[in-house]
Structure formats: structure tokens, C-alpha cells
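Understanding the architecture of this molecule
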Amino acid sequence: MSVQVLNGLAFGVLLLVLSSGLALIFGLRGVVNFAHGAVYMLAAYVAMSLSGRTSFWVALVVVPVVLAVAGLLVDRFGLRYLVGRSPLDMVLLTFGLTFVIADVVQSVWGTQAYTIDPPSVLAGSTDLGFATYPTYRLFVIAVGLLACAGLMTWLKFSRTGLFVRASSDDRVTAGAMGVDVDRVSATVVALGFGLAGLAGVLAGPYLTLSPAMGTQILIITFIVVVVGGLGSIGGPMVAALLIGLANSITAVHAPTLSAYVPYLLMLVVLLLRPQGIAGRRTAL
Amino acid sequence: MKNARVRGGAIVAAAGLTMAAAGCSGGAANTAKQDTDGPIRVAVVTPQSGPYAAYGEEQRKGIQFAADEANADGGIDGHKIELEFADDLGTPEGALAAAQKLVQDKQAPYVIGMVSSPEMAAVTPKLEAWDALMIGTQGQSDDLTGKACTPRYFRTTANDTVGINTIAYWLGQEDEPQWDSIAADYSFGQASTTGVENALEDEGSDLGAKLFSPLGTTDFGSYLSQLSGKGGLVVSLAGADAVNFYKQALQFGVLQKYDTVLANTGLSSTTLAALDDDRLVGALGTNNWLPTADTPETAAFVKAYTEKNGEGPTENIGNGYMGMQTIFAGIEKAGSIAPGDVADALEGLTYDSIQGEVTMRAEDHQIEAPTYVGTVERDAQGQLILKATAAIPASENNPTANPDCNLK
């Protein structure tokens with residue numbers, strides 16, 4: 001059982017990092033970022049090539065930063081011009097990006113699957129007393145939780161965090177109070193892309209790289225955000241861990257149900273509490 | 001404002017998904033027109049994107065090689081080969097739209113290259129109306145040569161029953177008393193598990209853990225913790241699922257505990273190349289054809305392919321190639337490139353292929369060909385390969401026609 005909890009945590013934490021980025025961008029720009037899965041996939045592939053030439057640790061730092069810069073550019077030269085137009089325009093932009101990224105990945109790295117070995121320090125298993133568990137998965141759990149704790153602290157206690165919360169609550173009033181909403185949004189989109197990048201790098205040695213990896217995880221990430229409550233950050237965090245755990249526990253105790261669990265959870269939440277777990281549209 | 005935005009997003013999302021899923025189909029049943037003296041036009045319908053894209057690429061390589069080789073030889077029965085390509089997205093709707101486009105607009109009546117059974121099942125009912133002929137080079141569903149069989153569909157690879165008989169034949173040679181099984185939760189994995197269960201029962205061996213993972217499982221952690229690590233393990237997973245499973249099983253240290261690991265089809269060259277892990281050496285795998293198969297025809301094909309492409313063929317490249325060999329054999333026998341004549345000629349035809357002499361069974365259009373068992377080794381070039389150790393003849397793997405289909 002404790003191993004199942006760890007399994008659930010590992011996958012849940014990956015969803016956690018991905019969905020916080022998605023939720024942040026939705027909060028500020030009001031757009032469901034369809035490119036989120038593609039960015040995650042791109043990060044995994046770039047990290048693979050980069051770790052081959054340098055090391056995993058370099059990739060872990062460099063790839064999220066590079067993608068954050070890319071996010072900044074997407075916001076500055078794309079999303080910013082579409083504010084105030086129909087949401088379809090923004091969605092089409094991000095939807096289009098997924099195709100571009102997917103084709104770039106396919107033409108550079110091909111269609112075959114790849115696996116990456118974890119760095120040698122994290123390669124073996126760790127004896128936890130009650131079970132031995134792959135060290136790399138423990139690392140994923142730790143890094144993911146740290147990243148999310150950092151994000152929450154930043155949102156709650158920093159000045160920019162305050163602006164982010166204010167802008168995603170009511171961008172017009174925030175703007176009237178002197179907050180540069182475009183600048184805040186750019187920061188947040190960059191952060192969102194950076195988090196997708198981090199998830200991608202972490203996923204490399206944990207899962208398998210294939211051109212389908214982005215779409216597969218994007219669907220679950222959408223579910224996480226809906227279950228957590230669109231526009232909230234804390235809600236999806238809870239939902240990510242919940243879905244991760246539910247997945248791993250049903251895989252053992254009710255295997256025939258396991259494929260349906262995320263969808264069932266979404267159904268129940270939409271029927272009983274359509275606003276999601278967080279309930280109210282706030283930044284936290 | 002907020003609700004409008006949320007609702008807008010949801011509508012857009014739904015519209016996007018619908019757009020992605022929908023393909024156009026239907027259309028009039030006008031037949032493919034092909035000049036009887038002209039080239040042989042082949043519709044290469046493969047997934048170029050989506051989860052099956054890697055398989056699609058392999059199929060195209062094998063088909064292209066066969067066409068180039070035949071053209072360099074002066075064509076087949078005096079006809080040049082021309083290939084037309086379309087992306088079927090790996091979906092049944094996409095396959096139908098792509099096949100229809102190539103057959104009717106591009107007058108390419110010989111359809112080949114689809115990867116999954118659902119793609120094929122969407123197209124096979126239309127073949128007669130289109131006056132086309134299709135060769136199945138990968139999907140294994142029994143139904144395509146069973147209750148859904150059609151006169152214009154021929155399968156040149158193993159089906160589920162053949163795969164199971166291959167595993168069962170091999171299990172009959174082993175004396176491992178205890179086994180676990182993990183399989184993909186769809187027809188291939190379920191059929192495989194049932195077959196394994198029956199074979200083990202006949203042997204008096206026990207099947208302990210019997211696990212099914214949904215197609216596209218990314219994290220196998222929960223399944224791995226249920227595997228005992230005692231005796232033998234049968235793995236019936238394919239594609240990215242197989243890669244994911246083996247990689248994580250090695251990380252958890254589960255795979256190494258088993259005395260014997262036996263993979264139904266999943267240990268392909270591409271899977272082994274993606275994993276490239278020495279701890280897999282010694283694992284056993286079955287397949288419907290292996291580049292290491294000990295026949296002169298296979299050796300000649302592997303040599304020619306490697307000379308031209310600089311790397312050896314994978315299993316699915318061979319499957320695509322063999323599908324083309326079948327079209328060529330039918331055309332040569334018929335002395336015509338009309339699909340109807342070729343279909344008649346193929347029924348019961350015995351011809352030479354990369355698997356040696358094979359027969360296209362008249363009753364259900366399922367090929368009678370050997371299947372192979374192999375062991376994972378590192379070859380002289382340092383690549384992990386599945387080295388064929390035994391060939392199981394068609395009389396063992398596929399003795400009778402599917403009773404649900406009677407085309408003769």
C-alpha cells in the first residue's frame with residue numbers, strides 16, 4: 001500500500017507541476033493553453049539531447065529557463081495582441097503551436113520512442129524501511145513538491161505574487177490600481193512554460209519519450225484543472241495529487257476501473273460541484 | 001464575463017477535439033480506374049502522426065524499399081510501381097478518408113500500410129465497392145480474417161490466434177512451474193492472456209498475477225508492485241507501453257528477479273533500441289517475422305536493405321516489404337493488374353517471401369507462414385537484437401481457417 005502511495009505521489013507531482021502552469025496561464029490570460037503538453041514534450045526531448053552532451057543537471061536548470069524565455073516571447077508577440085478578442089483566437093494560437101512543436105519534434109528526433117537513464121546518483125533504489133523504491137522517483141516527488149511550495153510562497157508573499165493574484169482576480173481593477181497587467185501576464189506565461197519545461201525534464205528518465213507523450217498527459221492535466229477549479233492554483237494542486245493517488249490505488253484494487261478514474265472524478269465534480277474543488281475563482 | 005470566458009473555452013475545446021477526431025467519409029461508390037497497361041498504383045495509407053506514427057514510418061520504409069527494388073528490376077510483370085501516400089492519423093475515420101482519397105482520386109487501388117486493426121476494419125467493408133484490394137501488414141485482430149472477413153482483404157502477418165499459438169507452443173517446451181502475466185487491456189492483450197492461461201493449465205503450471213494495463217499507461221509503478229518476481233513473466237504489451245514497462249520494471253528491479261521473461265511480440269528492434277539495457281539480455285520474445293530468422297530469403301532481404309539504407313530492417317519494415325511481395329506475387333500469377341483478378345489469383349497462392357515459401361489461405365485470407373521465438377543478445381555492432389532461436393511452422397501456429405469466415 002505504501003508503495004502505491006509513493007507511485008501516486010510521483011505521478012501526481014508531475015501533474016501538479018504541469019497543472020499549476022496551466023492554471024496560472026488561464027488565470028491571467030483567460031486562455032486554456034493547448035500547447036502545454038507540446039511544451040512539456042519539447043522539454044523532455046531537448047533535455048535528452050542536452051544531457052547527452054553535458055549532464056542531466058545542466059538540462060534540469062537550462063531547459064526550464066529557455067522555455068520560460070520562449071513563453072515570454074509567445075506572450076509578448078502573440079497572446080498580448082489577442083486580449084479582448086474572442087477566446088477562440090487565443091485557443092487557436094496555442095492549438096497551432098502544438099502542431100508546430102509536434103512536427104518540429106518529429107522531424108528532429110523522429111517518431112521512435114526513447115528512454116533516458118537517470119543520473120548515476122539517482123539510478124538505483126533506496127531502502128525506505130517498508131519498501132525499496134527507485135531513487136529517481138523519490139527525486140521527482142521532492143523536486144516537484146519543492147517547486148510547488150516555491151510557487152505558492154512567491155504568489156502569497158512577494159509583491160509580484162500579489163499583482164498576479166490581483167490581476168487574475170480582476171484585471172481591469174488591478175490595471176486601474178497601477179498594476180502593469182501585461183507585464184504581470186508575461187511573467188506568468190513565462191513561468192507557466194518554465195513549469196511545463198521542468199515537468200518535461202523530470203519526466204524524461206521517469207517515463208518514455210515519444211511524440212504522443214504531450215497529448216497523453218495534457219488530457220489528464222485538463223481534467224486536473226477542471227476538477228481543481230478553473231482559475232485557481234491551489235485547487236488543481238489538490239486535484240493533481242488526488243488523481244495521481246486514485247490512479248495508482250485503483251490500478252491495484254479495481255484494475256478494470258483504473259482507466260476511468262480521472263473521468264469519473266471529473267464527472268462527479270462537474271455534477272456536484274461544477275466550480276471545482278477550490279470553489280471560488282481566486283488566485284489561491 | 002468570467003462565465004462567458006469559461007464557457008467559451010469549453011466550447012472551443014470541444015470544437016477542437018471534434019475537429020481533430022472527425023474525418024470525412026462516405027462518398028459515391030465510383031470505382032478506381034487504372035490503366036491496364038499502366039503502372040501498378042499503390043495507396044500507402046499509414047499514420048504519419050499520433051501514437052502509431054513510428055510504426056507508420058517503418059511500414060513506409062519497407063513498402064518504399066520493395067517498390068524501389070521492383071522498379072530497379074524493370075517492374076512487376078512489365079508494370080512500374082507507383083506509390084501514393086496519405087496520413088491516416090492512426091484513427092478509423094482518418095484511415096477511411098485517406099484510403100478513399102488515394103483509391104478514388106489518385107486511382108491507386110492497392111491499399112497497404114495501416115497499423116491497427118480498427119483502422120483496417122473501417123476500410124475493409126468498402127474495398128469491393130471501390131474495386132480495390134488491401135493487404136494487412138500489422139493489425140492482429142482475428143475478426144479481420146474471421147467474422148468481418150471480406151473477399152478483398154488479405155493479411156500477411158500473424159493474427160491474435162497465431163500469436164497465442166506461438167506462445168503456447170513455446171510454453172509447452174518450458175518447465176517453469178509459476179508464471180505472472182501483464183498485458184495491454186485490449187483485444188491483443190486479453191487474447192494473449194487467455195491463451196497463456198490455457199497453455200499453462202495444460203502444462204500444470206500456475207498463473208499467479210494476471211494484470212491488465214490500459215493502453216497508453218505511462219506509469220507502470222502500481223502494476224510492478226504486484227508482480228512477484230518468482231518464476232516466469234509473460235509480457236503482452238506493444239509499442240510505447242512496452243518501452244515504458246520494461247524501463248520501469250528495470251528501475252524497480254522487478255524484471256531482473258524473474259528466471260524467464262517472455263514477450264508476446266513486444267520486444268521489437270525499435271523497443272530494444274529505445275531501451276538499450278544489458279539487463280534485457282536473455283529475455284525471450286516471439287514475433288511473426290524476425291530479421292534474424294534463419295532462412296536464405298530473410299538473409300538476402302536484410303543484406304540488400306542494409307546495403308541500401310545503412311541500417312538493418314526492423315520487424316515492421318519486413319512486414320511492409322512482405323505485404324508488397326504478396327501484391328507482386330498476385331499480379332504475376334494473375335497476369336493482370338486489375339484488383340479483382342489479383343484477388344482471385346491470391347486465394348490459395350503459394351509464393352516465395354522473406355519467410356520462405358508461404359501460402360495465402362483461400363478460406364479466410366490469412367497467411368500460412370512460420371512464426372519465430374528469439375532470445376535478446378548484443379550483436380557484433382553492439383545493438384540489442386532478438387536472435388531467432390526457433391521457427392514454429394504454420395501447421396503448429398495456424399492449423400485451421402477461422403470458422404467464422406468462409407470465402408471459398
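Residues numbered from 1 in each chain as written. Chains lettered and ligands numbered in written order. Predicted model: local features only at pLDDT ≥ 70, side-chain atom pairs only at ≥ 80, totals over all residues. Heavy atoms only, no water.

1. Remarks on the confidence of the model for chain A
What counts is decided by this rule: A score between 0 and 100, pLDDT records how confident the predictor is in each residue. Here a helix means four or more residues in a row that DSSP labels H or I, a strand means two or more in a row labelled E, and each is numbered from the N terminus.
Mean pLDDT over chain A stands at 89; residues scoring 70 or higher make up 98%. Helix α2 (residues 36–53) of chain A holds the highest mean pLDDT among the elements of chain A, 95, whereas helix α7 (residues 171–176) of chain A holds the lowest, 85.

2. A few points about the UniProt feature "transmembrane region" (unreviewed entry) in chain A
Selection criterion: UniProt positions are given in the numbering used here, feature names are shortened, and annotations may be inferred rather than shown by experiment.
UniProt annotation of "transmembrane region" (unreviewed entry) refers to residues 6–26, 31–50, 56–79, 91–116, 136–155, 217–246 and 252–272 of chain A when read in the numbering used here. Along residues 91–116 of chain A, the helical share is 73% and the strand share 0%, with 32 Å between the first and last C-alpha atoms.

3. Points about helix α6 (residues 160–173) of chain B
Residues and elements named next belong to chain B. Put simply, the test is: Under the convention used throughout, the expected extent of a helix is 1.5 Å for every residue step, that is, one less than its residue count. The buried label goes to any residue with under 20% of its type's maximum accessible area, the exposed label to any with over 50%, and the partly exposed label to all in between, with areas taken from a 1.4 Å probe on protein chains only. Contacts described as polar in this section are N or O atom pairs within 3.5 Å, which, within protein, must combine one atom able to donate a hydrogen with one able to accept it, while residues neighboring in sequence count only if both atoms come from side chains.
Over its 14 residues, α6 extends 20 Å from the first C-alpha to the last, a length consistent with the 20 Å expected when each residue adds 1.5 Å. When we look at burial in α6, the residues that qualify are Asp160, Val162, Gly163, Ile164, Thr166, Ile167, Trp170 and Leu171. The N-terminus of α6 is capped by asparagine 159, whose side-chain oxygen sits 3.2 Å from the backbone nitrogen of threonine 161.

4. Remarks on the packing of helix α9 (residues 213–228) of chain A against helix α10 (residues 234–253) of chain A
Residues and elements named next belong to chain A. For clarity, the threshold we go by: Axis geometry follows a simple rule: fit a line to the C-alpha atoms, using only the stretch in contact for helices, then measure angles between N-to-C directions, giving values from 0 to 180 degrees. In these notes the angle categories are as follows: under 35 degrees is roughly parallel, over 145 is roughly antiparallel, 65 to 115 is roughly perpendicular, and the rest is oblique. By convention the crossing between two helices is left-handed if the near helix lies anticlockwise of the far one by an angle smaller than a right angle, and right-handed if it lies clockwise. Any two residues having at least one pair of non-hydrogen atoms within 4.5 Å are treated as being in contact. The residue classification treats Ala, Val, Leu, Ile, Met, Phe, Trp, Tyr, Cys and Pro as nonpolar and Asp, Glu, Lys and Arg as charged. All others, Gly included, are polar.
At their nearest, the axes of α9 and α10 sit 7 Å apart, and the two run at 125° to each other. Put simply, α9 runs oblique to α10. In this structure, α9 crosses over α10, and the sense of that crossing is right-handed. In this structure, α9 contributes Ile220, Ile223, Val224, Val225, Val227 and Gly228 to the contact, and α10 contributes Gly235, Pro236, Ala239, Ala240 and Ile243. Of the residues belonging to the contact of α9 with α10, the class tally is nine nonpolar, two polar and no charged.

5. A few points about the pairing of strand β6 (residues 178–184) of chain B
Residues and elements named next belong to chain B. This is how it is decided: Here, strands pair whenever DSSP counts at least two bridges between them.
The buried count for β6 comes to six of seven residues, which makes it a mostly enclosed element. Relative to strand β7 (residues 206–213), β6 runs parallel, the two being bridged by six bridges. Residue pairing in the sheet places tryptophan 179 in a bridge with leucine 207 of β7. Across five bridges, β6 lies against strand β8 (residues 232–236) in parallel orientation. Bridged to aspartate 180 within β8 is leucine 233.

6. Things to note about the UniProt feature "domain: Leucine-binding protein" (unreviewed entry) in chain B
UniProt annotation of "domain: Leucine-binding protein" (unreviewed entry) refers to residues 39–379 of chain B when read in the numbering used here. Between the end C-alpha atoms of residues 39–379 of chain B the distance is 41 Å, and the span holds 42% helix and 21% strand.

7. Quick look at the sheet that holds strand β3 (residues 110–112) of chain B
Residues and elements named next belong to chain B. Read across the sheet, five strands follow the order β2-β1-β3-β4-β5 without closing on themselves; strand pairing throughout is parallel. Across the chains shown, the open sheet's two edge strands, defined by having one partner strand only, are β2 (81–87) and β5 (153–155). Across the sheet, the axes of successive neighbouring strands diverge by a mean angle of 25°, strand direction being ignored. The pairing of strand β1 (residues 40–46) with β3 spans three bridges and is parallel.

8. Structural notes on the domain arrangement of chain B
How big an interface is tends to be stated in terms of the accessible area lost upon association of its parts. Residue and element names in this part refer to chain B. This is how it is decided: Boundaries between domains were set according to an automatic or database domain assignment. The quantity reported as buried area is the accessible area (1.4 Å probe) lost by two parts once they are put together, taken as the sum for both. Take a side-chain nitrogen of Lys or Arg and a carboxyl oxygen of Asp or Glu: if they are within 4 Å of each other, that pair is a salt bridge.
You can read the domains of chain B as domain 1 (40–158 + 295–369) and domain 2 (161–287 + 373–397). One C-alpha centre belongs to domain 1, the other to domain 2; they are set 28 Å apart. Taken together, the contact pairs 11 residues of domain 1 with 14 residues of domain 2. A combined buried area of about 890 Å² lies between domain 1 and domain 2, and 47% of that area is made up of carbon and sulfur atoms. Applying the counting rule to domain 1 against domain 2 returns zero salt bridges. At the boundary of domain 1 and domain 2, one finds four residue pairs in polar contact (both at pLDDT 80 or more). Its residues assigned to classes, the side of domain 1 that touches domain 2 comprises four nonpolar, three polar and four charged.

9. Digging into the environment of B:Pro291
Looking at the secondary structure, you find B:Pro291 in the loop between β10 (284–287) and α11 (296–309). Among residues more than four places away in sequence, those in contact with B:Pro291 are B:Ser269, B:Thr298, B:Val302, B:Pro313, B:Thr314 and B:Glu315.

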